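# Notes for the structure review
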Amino acid sequence: MGKSGVGEAKAFGKVLSEKPANAKGLQRSLGLIWCPLKGLRCKDLRDNVFLFTFMQESGKRKALDDGPWKFNNDLMVMADLIQIRNFIHGVNTILRYIASASSVSNFYGQDAIQAAHVDQWLEYAPLILSGSEFEAACSFLDGYLASRTFLVGYGLSIADIVVWSNLTGTGQRWESLRKSKKYQSLVRWFNSVAADYAGALDEVTSAYVGRRGIGKSPAPSLKEKMPGLKENTSGHQIDLPGAKVGEVCVRFAPEPSGYLHIGHAKAALLNKYFAERYNGRLIVRFDDTNPSKESNEFVENVLKDIETLGVKYDVVTYTSDYFPKLMEMAESLIKQGKAYVDDTPKEQMRSGRMDGVESKCRNSTVEENLSLWNEMVNGTKRGTQCCVRGKLDMQDPNKSLRDPVYYRCNPDPHHRVGSKYKVYPTYDFACPFVDALEGVTHVLRSSEYHDRNAQYYRVLQDMGLRRVEIYEFSRLNMVYTVLSKRKLLYPEEPFVRILLRHKKYEGAEKKATTFANRIWLEYADASVISVGEEVTLMDWGNAIIREIKTDNGTITQLVGELHLEGSVKMTKLKLTWLPDIEDLVSLSLVDFDYLINKKKLEEDENFLDNLNPCTRHEALALGDPNMRNVKQGEVIQLERKGYYRCDVPFVRSSKPIVLFSIPDGRQKSTSIGSGA
C-alpha cells in the first residue's frame, strides 16, 4: 500500500493462471475481483488505498510487481489506477465499479434493471453474516432461487459471487445447513456455482474471504467512533447503520386492530434497545388507517401490553393525526402525474399487477383524476368504485413497485375521528410519509418484507421527503402455533398479554412445615414402594415401610416408622408429602398444550385441520396451608413438579387456588397427581 499522502502505490495480488473448469460464459478469470478483495482486508483501507483491477486474456500467470509495470501480448491488463481516497469509498461501491468495468457478460446485469437488482443483492448480502439474521436470509434465498439458476438474469454476476462467498464465510453453520435438506434450492444453487467456478472461488475465499465474507470489512468499534454510546453489558451488541448518539429516532407502529401479538414483541424490544443504546427517542404510533377493524379497546390493551414488555416510550401518536396532510400529499402527487385514480375491479387489478398489465386509467388526464379524487373524498357511489394508485413501474420485476394502491374509500366510522373522512391511506402510503414528518431516522422491519423496501424508498422520493433508513431483522418464528392475527381472533395464546403468566422464575421463598403422624402421599409414589423399603420424606427424613394395605388391589394405606438417623444418600425414593390436617387448601393445577399438533404448517395447509382439540389440562390437587398467602401473579415451586404462577389466589375453602404451570422448555411434564 502507498504511504498516506504520497502518490506511490505497491501493487499486490496476482492474476489467476487458469480459467475455472466448466466456466460457462465466463470469458475472464475471477482474478477480476482478486486485488480489491485483498485490499478490503487491509488495516489501512480507510487511509490511502489504491485499487487495481485487471483481467486475464490468456491462461498464463503474470505477477504485478512494484514500479513501472510491463505488459506483454500474453496479458491484457485493465490498468485503471484509482486512488479511493479521492474517488470512491465503500465495499459495495468498489464491487459495483469492478462489475461495471468488467467485460464479463452479465457480471453487472444485462441492462439497467438487472444492474439495480445486483445492487439490491450487494446491499442484502451482509445480512448473511449476521448471526441473528442468518437463518432468515437462507430461507429468503431458498424461496427466491426455487425457479432460478442465478440471482440476476441468466448468467453469473457479482451478486452470485458475493452471496456465495458470504455463505462460505459463515463456516460450519452453513456447512451444517448445506448437508441437511432444509434449503434445497439454495444448496442446489450453491453447489452449482461451486462446481462451475470452483478453482477461482475456492482460491479467492480461502485467501481473502475467510470467516468474514464480502461486504463486512473490519471497522473501528462504534464506541470509539461515538463517545456517549451506551454499553450493552449482555455481550451481544447490535448497531444501527449511520446512527448518531442523541439523534436516533425509532418508532413502533402496531395496528389497533387486535391484542399485541407475541410476534410483535421482537420489534418492540428492538426499538426499545436502539432508542436506549443511542440515547434517542421511541415513538409508539398507532397505524389506524382501517376503521373497519380498529377500536379504542385495542389501543388501550396494546399500551398495557407494551408496558408488560417493559418498553418505555417518549410519545404516543396516531397516523390519523396526519390525515389532512396525507390527503394533501395524495392530491399533490395526482397533480404532478405521480399518482392516478383507478376504477379497475379489485380482482382484475390484482391480476394486472401480477402480469405487469397497465390499467386503462393509467394515462388519464390530471383533470380526470382530480374529478374522481373528489368523488372519493365525498364518498359518492362513483367514488367508492375507485382507488388512488401510485404511478411507479408496471414492468418492474419487484411487484411491490407495480403501481401500489395509496388510497381507498371506506364508509365505516373511525374510532377517533368518527365519520369525518370517507377515504383512508394504505400502510404503504402513510408509513413513509409519517416516518419522515415525525423525524424517524431508522425504521425497523422484518426481513420478510425485504422486497417492499424499494417501494418505501420510491414513495419517499416521489413525495420529495428525506430518506429514512430501513434496518431489517428476522421474523420471530414459533413452533406448534400460528401467529397470524387473521387466524387468531380471540384474546388467548399466543398474545403478549399472557407473557406474564409464562415467565421463567429463578427462585422461590421458603415455607413453614407442619409434621404429623398421618401424612398424604401421591398414589403414583405409593404404588412403587415395597414392604421393608426405606424411603426419604423430603424436608423431614427417612422412614421404613412396614405394611401396605389394599382393597381389591388398590392401595389404601401405608404403615411405617420414622428412621431419621438413616442416610438420605442410601434411599432410592425421595417423596413429597402433606400432613393430614384440616387446613389443607384445594388447588386447580393448569397446564397448557400446543395450539396445533404440527411443529410447523406448510403454506398450503389449513391450520383449522391441525388444531389440537384440547390445549388446556386441569387437575385438582391439595396444597399445604402456606398457599393461602400466595398473591395473584406470584410464583411458587411445587417440588418435583416445577414452577407455577398464581392466577386465582385463595378466597375461601370451597374455591380452589388456580395455578398456571410455567413451561421450562424441556419435554412436557408428567401428568399431574392428586397431591401437592
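Look above for the structure.
First, a word on scope: everything that follows refers to the structure included in this document. What you see is a predicted model; the values in this text were computed from it and never measured.

## Examining unusual backbone geometry
Positive phi values are uncommon outside glycine, yet D539 reaches one of about 65°. Looking at the element boundaries, D539 is found in the loop between β13 (534-537) and β14 (541-551). Here N552, not a glycine, exhibits a phi torsion of approximately 55°, which is positive. Looking at the secondary structure, you find N552 in the loop between β14 and β15 (554-562).

## Side note on helix α7 (residues 184-196)
The α-helix advances 3.6 residues per turn, and as a result positions three or four apart in sequence lie on the same side. In this model, α7 (13 residues) spans 18 Å end to end at C-alpha, consistent with the 18 Å of a helix rising 1.5 Å per residue. Buried within α7 we find S185, L186, V187, W189, F190, V193, A194 and D196.

## A short note on the packing of aromatic side chains
One pass over the full model with this rule turns up 20 aromatic pairs. Measuring from ring centre to ring centre gives 6.5 Å for F140 and Y144, while their planes differ by 25°; the resulting arrangement is stacked. Here F140 pairs with Y144, and both are found in helix α4 (residues 134-144), just four residues apart, close to one helical turn. Look at W540 and W577: their rings are 4.9 Å apart centre to centre, the planes differ by 45°, and that puts the pair in the tilted class. Here the residue W540 occupies a position in the loop between β13 and β14, and W577 occupies one in the loop between β16 (574-575) and β17 (578-579), the gap between them amounting to 37 residues. Taking relative accessible area as the criterion, W540 reaches 24% and is therefore assigned partly exposed. Here W577 falls in the buried class, since its relative accessible area comes to 10%.

## A look at the sheet that holds β15
Consider a sheet: its strands pair through backbone hydrogen bonds, and that pairing is either parallel or antiparallel. One open sheet holds the four strands; their spatial order is β15-β14-β13-β16, and the pairing between them is mixed. Each having just a single partner strand, β15 and β16 make up the two edges of the open sheet. Here β13 runs beside β14; their pairing, made up of four bridges, is antiparallel. The partner of V535 across the bridge, within β14, is A543.

## A few points about the pairing of strand β11 (residues 469-473)
For a regular strand, side-chain orientation follows a simple rule: the groups alternate between the two sheet faces. Among the five residues in β11, four count as buried, and that is most of the element. As paired elements, strand β10 (residues 442-446) and β11 share five bridges and run parallel to each other. Looking across to β11, one finds that V443 is bridged to I470. Crossover handedness for the path β10 to helix α16 (residues 453-463) to β11: right-handed.

## Points about helix α15 (residues 427-437)
In terms of residue burial, α15 counts as a mostly covered element, since nine of its 11 residues are buried. All of the buried residues in α15 are D428, F429, A430, C431, P432, F433, V434, D435 and A436. Count one or two residues on from α15 and you reach G439, which has phi positive near 80°.

## Describing the pattern of salt bridges
Using the criterion set out here, one finds 21 salt bridges in the structure. For E175, the salt bridge goes to R178, with nearest N and O atoms at 3.5 Å. Taken together, the residues E175 and R178, both in helix α6 (residues 172-179) and three residues apart, mark about one turn of the helix. For E175, a relative accessible area of 26% translates into the label partly exposed. We classify R178 as partly exposed; its relative accessible area is 27%. Notably, a salt bridge pairs R251 with D435, separated by 2.9 Å at the nearest N-O pair. Of this pair, R251 sits in strand β3 (residues 249-252) while D435 sits in helix α15, placing them 184 residues apart in sequence. Look at D435 and you get buried, because its relative accessible area is 0%. Shared partners join several salt bridges into a network, and the residues in it are R251, R285, D435 and E438.

Cut-off values and rules
Residues numbered from 1 in each chain as written. Predicted model: local features only at pLDDT ≥ 70, side-chain atom pairs only at ≥ 80, totals over all residues. Heavy atoms only, no water. Helix = DSSP H or I, 4+ residues; strand = E, 2+ residues; numbered from the N terminus. Expected span 1.5 Å × (residues − 1). Buried < 20%, exposed > 50% of the residue type's maximum accessible area, 1.4 Å probe, protein only. Phe/Tyr/Trp six-rings, centres within 6.5 Å; stacked < 30°, edge-to-face > 60°. Pairing = 2+ DSSP bridges. Right-handed = clockwise from strand over helix to strand, strands pointing away. Salt bridge = Lys/Arg side-chain N within 4 Å of Asp/Glu carboxyl O.

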